[in-house]
Structures are given as structure tokens and as C-alpha cells.
Amino acid sequence: MAVSNDVRRYYADRIFARMSRDKAPRNFTPLDVPFTGRAVVEGCRGGGKNITEFHLVADDEAVLDLRVSCGLCNPAMYVAGDIVVDWARGRSCSEILALDALQVPQLAPFFEALGGRGRPDDAREKFQYALLGVQNAVRDHRGDATLGLPEIDEPTAKDWAHEDDPFLADDQEDE
Amino acid sequence: MAHAPDIAELRAAFPALQRTRRGKPPIYLNNTCMTLRPQVVIDAVRAYYEDFPTCGGGRSDGTKRLHNWFQEELRGHEMHAREAARDLIGASSVDEIVWTRNTSEALNIVAHGIALEPGDEIVGSEREHNSNLVPWLEAERRLRERAGDPELVVRRFFELDEDGGFDLERALAAITDRTRVLALGHASNLDGTIIPDAAIQALAARVHEVGGVLVLDAAQSVPHRSVDVAALGVDFLAFSIHKMCGPTGMGVLWGRYELLDAIAPFIVGGDTIADTWQDRVEYKHPPGRFEAGLQDYAGITGAAAAIDYITDTVGFDTIRSQELALNTRLTERLAPLQCDHFWLLGPEDPARRGGVITMASHSGALINAIERIGDEEANVMVRRGMFCVNAYLHRRFDRTDSAKNNLRASVYFYNTLEECDVFADIVERVVKDPLRYLDDA
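Keep in mind the model is a prediction, meaning the values are calculated, not measured.

### Considerations on the overall build of chain B
Part 1 of the argument: Within chain B, the regular secondary structure consists of 14 helices and 15 strands.
Part 2 of the argument: By the compact-globule yardstick of 22 Å for 441 residues, chain B fits well, its C-alpha radius of gyration being 23 Å.
Part 3 of the argument: For the C-alpha atoms alone, the extent of chain B along its principal axes is close to 70 × 55 × 40 Å.
Part 4 of the argument: Sorting the 441 residues of chain B into buried and exposed places 56% on the buried side.
Part 5 of the argument: Long-range contacts, defined here as pairs at least 24 residues apart, represent 71% of the contacts in chain B between residues at least 6 apart.
Part 6 of the argument: Here chain B displays about 17800 Å² of accessible surface, and carbon together with sulfur accounts for 50% of that area.

See below:
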């Protein structure tokens, strides 16, 4: 399917343009110290080698640092990995685990980081995979059993910003 | 060979090359993994099932008289196949030829069978194929368990040149009095670089001085060039028949007879034994002790046809000259495209890369686009990923997240310059405008 404009712009400006033969943005390089938690997520359809890996370093309270490595092809997966890793760095383990990846309104911070005008569904799908991956890495760090992946809806051309605005509804409930 | 065979005539012998999809023929550039098969090999495999579909077994020297029509015919084919394999690599006896499923199995037999003691060391390069790495890591694990020392270092590696070329001095320096095994890939499946014969000879001499053996993973050399085990001075050699127009799942382990006879069998059972009693077993001498159970007799029959075809109909001169011409064309087209987002692995000179050209990028999306457009528009079949040299790619490229984003095109004698141009056109299109091709990743 077509890559959404927001994902395309983020990938081009924030990832592709900053990578070369000799360098990569920090989120896509290995940790400088041994990891304490690790998880892999098959974030792209078709199976095979489309594996996104998360490595993190955490203490009892928080994730001190983490990185993502997305072998192969999908720009939306790169984008989601970059955004979710940025979000999780420095955040408490309990706060990371509290998010429900299947509740789209809870992905609002990630859409915000994506920027742009829309909330494209291709980003939604990869945010969910990335969040589940990071959460499993946290569980691995804590010595807890990692969870199997739930069913994630396939991406469509839909833009959540034009739906019934679940983000707004979520905000209202919080108030 | 009186004269070089015509490539168009050779192509006509491959049924898979006559197929079309969406009105276009295949462009098969994944020959490093597995080659296509000519009709003569397919016919040989079919002949087994149609004409003499029985079990083999019995002695490899063929002296045991059979009173069984089909078995007699099968034995004739089996003996011919073993003799063809022996002749192909310059072995001294058919009893040194062990049938395996592939190079991996052959190397496992050696790694599992060689007697090692704590303190012994295994040496390889930093770029060994997983088939020539993992069996030795397993040997290391077993020795650690025996020694009760989880930190015991058994396998050591030496670095290659910056461009992936082989450095004899580094390899020689890695061999110590503790070295019992030097396990090397003869030619790289990643970038096609080959260890020169003189270097193999020097390494063999050195490792023999210290009481070790040289194990050569020849999966990427035997199908492409003349290899003579006696001239090289190696002790074990492994290769796959399916990388040289033969049936899938056929490989060969060669070893110097006295060494084969000294190593323990890996998989045992029927046909590996001379005799058994309730409390003990006496194994056959090689090669029988390594060929457990009923074998792939169709594959063996096809292997003979494949070796005959490569040596008699095609010839290594044709293979080498065609691969060089094709890789030169690919290199001339792709090397100028190199930039911050796209580059080639291995030495610049195509003459040093056999039939292999491997592209790399930090962007999996770019690599994916080349593969996808090649498939959709021109039936191009290439290979993407880490090509079973994960350890090398991790070591070299993890810092830039580029370890996994590689695309390999590998040619064989039946490929054409026109096919190379079709592929190069697609690569050029994507590399010059990579962000245009992000969709449908």
C-alpha cells in the first residue's frame, strides 16, 4: 500500500537523510553498554526476516536507554521504531507497560511526534508493533515472561484524524 | 573442450529459462544460493524413479556381486557418480567421497567427528558462512562443557582486509601451536572473493606443521573453477551439487582417507555398520560409515549428470570467462551509482569477485524497492539479507544499522549481458530517486 505523506516526510527528513555509509541516527545504533532487556517483533507482514529488535538498558525504575534495529524494508516501521524509542527513553517501566497498544487513542503521543496534519493508519499499525516490542523488552528486563503478539489490524488508507476523533473522546473522558 | 560452447545453446537446455510470466522470461541472479538445472540432470533424476527405483547400499567399491536387476543398474550410476566427484576435485580414491545433503552437513560431520581436547583451538576468518561457523561454535561449546570452563576460547578468527580481501599474513599469524583445525571458506558467498591457491598451500603447510588440519568450505569454488585437493594440500573439503546444476539436497564431503577413517561418524544407523551385537557396533570404513540409512539415489544419479555436464559440456573456462564478463558489466553499471545511500561490498575489481556482486544500503526500503521492482517488472530473482554471514556483517556494520540491508546478484554461465542490463537499469532508477519507491514495502 502507499506510504502516507506524514510517514514519508518523517522517514525522509529524520531518518533517511541522517543515514549514510558511516553513520546512523542514535536510535538505530547499538547500545554502548550491554543490554538488560531485549525483544523482537515481527512488525511486517509476510514473515521471514522482517524482524524489528529492541534492546534496552534499565534499572529498577526506568528505561535509561534503548535502541531499535529494523532489518529490511518498511519505512513506517523505521518511523514507528524511532518515535516509540524516543518516547520510552527515560520513562518509567510502569508507565511504559501501562499503555494499551490496542487502544488507538493511547497512541496519541506517537502521532504527535510524527507531526503533520493526519493520523495515518500505516503509522498506527507500526506504532502498535513498536510499543508491544518495547513493552516486551521491559518485561524481559524485569525477568517477566514476554507476551505473544495480539492480532494487529492490517493498515488501511484511513486517516484517524478524520474519523470520529477517538483522541478527542479520550481526552474528554480524562477530564 | 575444442571450442567454447554457445551460451544461447546452453540456455536452451534449461527448462526453467524457457518459462515466462507476464510475457517475460525469468532473470535468475541467485546462483550463489542454488543454480538452475539442465534437462540432462532432470532426465537423470527421472530415470532413477522410472527405470531403477530401488535401494542402494552395499560396498562402494562395487566388488560385491549383486543378483538384483535394479540394484545393479543403480550401483552402476552410483559408482559413476562417485567417480565423477572424485575426478572433479582430484581425489585419490572414490572411498574418500562421502555423499551428504549439502555443504553444511559435510562440515558438521567433520566438526563433530574430529577429536578435540580442551586447549585445542579452531581458526577461521571473520567472514565464515554459518555452515562453517556454527558447527565449530558447537564444538567449542562441547569442549567448554568438558573442561567445565564456560569462558574457554576454542574458536579464534582473523580479520580480512578492509575491502574483504584475504590477507595471508594475518591468517598465518592466527595459527598457533594449539591450532588443530583451520576451517576456511574458499570463496565468499557474500562478495565472491577467493583465497588464492598459493595462500591455501601456504596455510596447509603451516597448519600441518603444528599438527592441525585444513578444512575447506568449497561451496562457492568447486562450481566455478577447477579445484584440486591434492595440489592445494587440504585435508577436508565440502561442496554442494545443487550449486552446480545438480539436484537439490546433494552435497559432497571429501577427506583424506586416513583422516576420514579416524573420525567418528556423526549420524549412525543402517548402512553405516560393518556389524552389530547387542552390546557393541563395528562401523564400516569410509565412506559407508558416514552415509546413514537409505540415500538420495535419485540425487546421486542426478549428481553424476550434473558433474558431467559442468565438466564436459560447459567447462570451467566457459564458466570463468562468462562470469567475469557478466560481473564486469554489472560492476561498470553499478559502481558509479555508489553514494551515501548505496554502495558495493567487496573488492572493486570484478575479477576478484567471481560471479557475485553485493549491494548494500543503510536503507532497507531502498534495497527492498530494487528487489520488488525487479520482481514485478522483469522477473528478476536476487537475494536479500545477511546471506548466512551474520557474524561478519554484524561486526562490520552494526554501528550504521546496515548489517541486514544487502542485496546480492550472482551470475552463472547461462546468464547474459542483456539480463545484467535489465537489472542494472532497475537499480539505477531506484538509487537515483530512492524516496520515490517507498510504497508497498
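### Brief notes about the interface of chain A and chain B
Part 1 of the argument: The interface is formed by 29 residues belonging to chain A together with 25 residues belonging to chain B.
Part 2 of the argument: For the chain A and chain B pair, buried surface summed over both sides reaches about 2400 Å², with 53% attributable to carbon and sulfur atoms.
Part 3 of the argument: At the boundary of chain A and chain B, one finds one salt bridge.
Part 4 of the argument: Between Glu53(A) and Lys404(B) there is a salt bridge, with its nearest N and O atoms 2.7 Å apart.
Part 5 of the argument: Linking chain A with chain B are seven residue pairs in polar contact (both at pLDDT 80 or more), by the criterion used here.

### A short note on the side chain of Arg11(B)
Part 1 of the argument: Within the fold, Arg11(B) resides in helix α1 (residues 7-12).
Part 2 of the argument: Residue contacts for Arg11(B): discarding those within four places in its chain leaves Leu17(B), Gln18(B), Tyr414(B), Asn415(B), Thr416(B) and Glu419(B).

### A few points about the packing of helix α4 (residues 103-113) of chain B against helix α5 (residues 134-147) of chain B
Residues and elements named next belong to chain B.
Part 1 of the argument: Interhelical geometry of α4 versus α5 gives an angle of 20 degrees and a closest axis separation of 9 Å. Considering the angle they form, α4 stands roughly parallel to α5. When the axes of α4 and α5 are compared, the crossing they make is right-handed. Contact residues: α4 offers Leu107, Asn108, Val110, Ala111 and His112, while α5 offers Pro135, Trp136, Ala139 and Arg142.
Part 2 of the argument: Taken together, the residues of the contact of α4 with α5 sort by class into six nonpolar, two polar and one charged.

### Digging into the confidence of the model for chain A
Part 1 of the argument: Predicted confidence across chain A gives a mean pLDDT of 87, with 88% of residues reaching 70 or more.
Part 2 of the argument: Per-element confidence in chain A is highest for helix α3 (residues 93-98) of chain A, whose mean pLDDT is 97, and lowest for helix α6 (residues 166-174) of chain A, whose mean pLDDT is 44.

### So, the side chain of Thr103(B)
All names here are of chain B.
Part 1 of the argument: The residue Thr103 is located in helix α4 in this model.
Part 2 of the argument: Overall, the relative accessible area of 5% leaves Thr103 in the buried class.
Part 3 of the argument: Setting aside residues no more than four positions away along its own chain, Thr103 makes contact with Asp217, Ala219, Ala238, Phe239 and Ser240.

### Focus on the pattern of salt bridges
All names here are of chain B.
Part 1 of the argument: Tallied over the full model, the rule gives 45 salt bridges over all chains.
Part 2 of the argument: Arg46 serves as the salt-bridge partner of Asp43, at 3.0 Å between the closest nitrogen and oxygen. One end of the pair, Asp43, and the other, Arg46, are both in helix α2 (residues 39-51), three residues apart, so they sit about a helical turn from each other.
Part 3 of the argument: What makes Asp43 partly exposed here is its relative accessible area of 32%.
Part 4 of the argument: Look at Arg46 and you get partly exposed, because its relative accessible area is 42%.
Part 5 of the argument: We note a salt bridge from Arg289 to Asp261, for which the minimum N-O separation is 3.5 Å. Taken together, the residues span a long stretch of sequence, with Arg289 in the loop between β10 (280-283) and α10 (297-314) and Asp261 in the loop between α9 (257-260) and β9 (273-277) at a distance of 28 residues.
Part 6 of the argument: You can call Asp261 partly exposed: its relative accessible area is 25%.
Part 7 of the argument: Here the residues in one salt-bridge network are Arg329, Arg333, Asp421, Asp425, Glu428 and Lys432, joined through shared partners.

### Here we look at the nonpolar core
Part 1 of the argument: Residues Ile89(B), Leu237(B), Phe239(B) and Phe413(B) are the most contacted members of the largest nonpolar core, which totals 79 residues.
Part 2 of the argument: When residues of this core are assigned to their parent elements, the largest contribution, 11 residues, is made by α10(B).
Part 3 of the argument: Looking at which domains feed residues into this core, each of domain 1 (7-30 + 315-437) and domain 2 (47-310) of chain B gives three or more.
Part 4 of the argument: Among all residues touching Ile89(B), those that are not within four sequence positions of it are Ile97(B), Val222(B), Val227(B), Asp228(B), Val229(B), Leu237(B), Phe239(B) and Trp254(B).
Part 5 of the argument: By size, the runner-up hydrophobic cluster in this structure holds 49 residues, among which are Leu66(A), Tyr78(A), Cys93(A) and Leu131(A).

### Some words on the environment of Gly233(B)
All names here are of chain B.
Part 1 of the argument: As for its placement among the helices and strands, Gly233 is situated in the loop between α8 (229-232) and β7 (236-240).
Part 2 of the argument: For Gly233, a relative accessible area of 24% puts it in the partly exposed group.
Part 3 of the argument: Considered as a pair, Gly233 and Ile200 are 33 residues apart in the sequence and their alpha carbons are 7.7 Å apart.
Part 4 of the argument: If we ignore the near neighbours within four places in the chain, the residues touching Gly233 are Ala204 and His208.

### Observations regarding the sheet that holds strand β3 (residues 63-70) of chain A
Residues and elements named next belong to chain A.
Part 1 of the argument: Reading across the sheet, the three strands line up as β1-β2-β3 and stay open at both edges, with antiparallel pairing between neighbours. Edge positions in the open sheet fall to β1 (37-41) and β3, since each of these has one partner strand only. When strand polarity is set aside, the average angle formed by the axes of neighbouring strands in this sheet is 15 degrees.
Part 2 of the argument: Judged from the seven bridges that link them, strand β2 (residues 52-58) and β3 form a sheet pairing that is antiparallel.

Reading guide: rules and limits
Residues numbered from 1 in each chain as written. Chains lettered and ligands numbered in written order. Predicted model: local features only at pLDDT ≥ 70, side-chain atom pairs only at ≥ 80, totals over all residues. Heavy atoms only, no water. Helix = DSSP H or I, 4+ residues; strand = E, 2+ residues; numbered from the N terminus. Rg over C-alpha atoms; globule rule 2.2 N^0.38 Å. Buried < 20%, exposed > 50% of the residue type's maximum accessible area, 1.4 Å probe, protein only. Contact = heavy atoms within 4.5 Å. Areas by Shrake-Rupley, 256 points an atom, 1.4 Å probe, with all protein chains shown as cover. Buried area = accessible area lost by both parts, 1.4 Å probe. Salt bridge = Lys/Arg side-chain N within 4 Å of Asp/Glu carboxyl O. Polar contact = N/O pair within 3.5 Å; in protein donor to acceptor, adjacent residues only side chain to side chain. Axes fitted to C-alpha atoms, helices over the stretch in contact; angles between N-to-C directions. Parallel < 35°, antiparallel > 145°, perpendicular 65-115°, else oblique. Left-handed = near helix turned anticlockwise from the far one by under 90°. Nonpolar A, V, L, I, M, F, W, Y, C, P; charged D, E, K, R; others polar. pLDDT = per-residue confidence, 0-100. Core = buried A, V, L, I, M, F, W, Y, C linked by side-chain atoms within 4.5 Å. Domains from an automatic or database assignment. Pairing = 2+ DSSP bridges.

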